[in-house]
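Letter by letter, the chains look like this.
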Amino acid sequence: MLTPTPLMGLVSGFWSFKTLAAAVELDLFTRLAGGKSITVEKAVAELGLAERPADLLFAACASLGLLERDGDGYRNSALAEEFLVAGKQYYFGGQVRYCDRRTYLAWHRVGDALRTDRPLTWDPDTQESMFETEDPQLLALFWEAMYSTSIFTARALGEAYDFGAHSRLLDVGGGSGAYPIELCRRYPSLRATVFDLPHVVPIAAEKAAAAGLADRIDTVAGNFLHDEGLPSGYDVMLLSMILHDWDEPTNRELLAKCFAALPAGGAVVISELLLNADRTGPASAALMGMNMLVETVGGRNYSETEYADWLSGAGFVDAHVVHFDAPGANGVVVARKP
């Protein structure tokens, strides 16, 4: 029998996110690191919560797989212990905090974005892009969020595509350097460069140094939108979660720059949440497209067939898709320069 139960799941979806965001804001999972447990009664002293809200929060977190019962109390689940404890290598709290602070309230007005075709998180009349902000805390949250998402996406990419066939990687718009770090860890002969804006590349350099890879990962400052060309001397170029930020003409121009800078036989790798050919899913890609409506001027999530067409138009050949499952992408479109 058809019922509105699936619709209720959609209607209440934000309950799950805001429960997670509230727990992260309270540093709940960090407080419970290392196997500690907490009872509802202890929450009064340790979290400043009264009995009723503590009871409701703990039950909700347990239902979401974030906490587990431990006698009369609760402790971190394996998921929370690994990814929601501040200071751990793969801390995901930056992504939670960033979305809670920057995009959640903007999504309340998504109807305005649909009617006006304008972003809601920044003003295109006074700012050049969504990446321009005078708030250093928000900028730090953004790069922390991107790094935590990209690390595991890069790991999945490294398993799905053989970068051992290449020697020098240019990560175009590489941000904090998560992809080069993970790929260089997996492929000992690979060297990489992060190409990004001048205020971004120091973050990548710091991350590479912390990973012990400063001798194999360097940075070049530039602007892939406005620079006449991209740096040369690389046999593979990576565009990870980049093309969904821009419209088709901008993306075609960027792919033409990649083609011009690559040597014969060089490859371009587009890593994205790819829509299927008839643009009916998957939901992760389609909903990210809606987020691009909220966050960008011309961005959207594109289908694998669109990317293949653009690559062909730029002169690339042998375009093919490699699918995988990761937080920031469900596959890559790979092509080579003849």
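The structure under discussion appears in the preceding block.
Residues numbered from 1 in each chain as written. Predicted model: local features only at pLDDT ≥ 70, side-chain atom pairs only at ≥ 80, totals over all residues. Heavy atoms only, no water.

Novice: I'm lost on the environment of Asp100 in this one. Help?
Specialist: Looking at the element boundaries, Asp100 is found in helix 7 (residues 93–107). Each C-alpha atom, one on Asp100 and one on Lys18, is 7.8 Å from the other, the two residues being 82 residues apart in sequence. With residues up to four places along the chain from it excluded, the contact list for Asp100 reads Phe17, Lys18 and Ala21. (Helix = DSSP H or I, 4+ residues; strand = E, 2+ residues; numbered from the N terminus. Contact = heavy atoms within 4.5 Å.)

Novice: Which parts of the structure should I look at to understand unusual backbone geometry?
Specialist: The general pattern is negative phi for most residues beyond glycine and trans for most peptide bonds. In the segment running from Gly281 into Pro282, the intervening peptide bond is cis, with an omega of 0°. Within the secondary structure, Pro282 is located in the loop between strand 8 (267–272) and helix 13 (283–295). With phi around 60°, Asp27 is a residue other than glycine that occupies positive phi space. By the element assignment, Asp27 lies in the loop between helix 2 (13–25) and helix 3 (28–31). Asp27 gets classed as partly exposed once you look at its relative accessible area, which sits at 33%. Of note in this structure, Met241 is not a glycine but carries a positive phi near 50°. Along the polypeptide, Met241 turns up in the loop between strand 7 (236–240) and helix 12 (248–261). You can call Met241 buried: its relative accessible area is 15%. (Buried < 20%, exposed > 50% of the residue type's maximum accessible area, 1.4 Å probe, protein only.)

Novice: In this structure, what is going on with the packing of helix 7 against helix 13? I would like to understand it.
Specialist: Two quantities define a packed helix pair, namely the angle between the axes and the distance from one axis to the other. Interhelical geometry of helix 7 versus helix 13 gives an angle of 80° and a closest axis separation of 10 Å. When the axes of helix 7 and helix 13 are compared, the pair comes out roughly perpendicular. Contacts between helix 7 and helix 13 involve Tyr98, Arg102, Thr103, Ala106 and Trp107 on the former and, on the latter, Leu287, Met290, Asn291, Val294 and Glu295. Residues of the contact of helix 7 with helix 13, tallied by class, amount to six nonpolar, two polar and two charged. (Axes fitted to C-alpha atoms, helices over the stretch in contact; angles between N-to-C directions. Parallel < 35°, antiparallel > 145°, perpendicular 65-115°, else oblique. Nonpolar A, V, L, I, M, F, W, Y, C, P; charged D, E, K, R; others polar.)

Everything listed here is a matter of geometry and, on its own, says nothing about what the molecule does.
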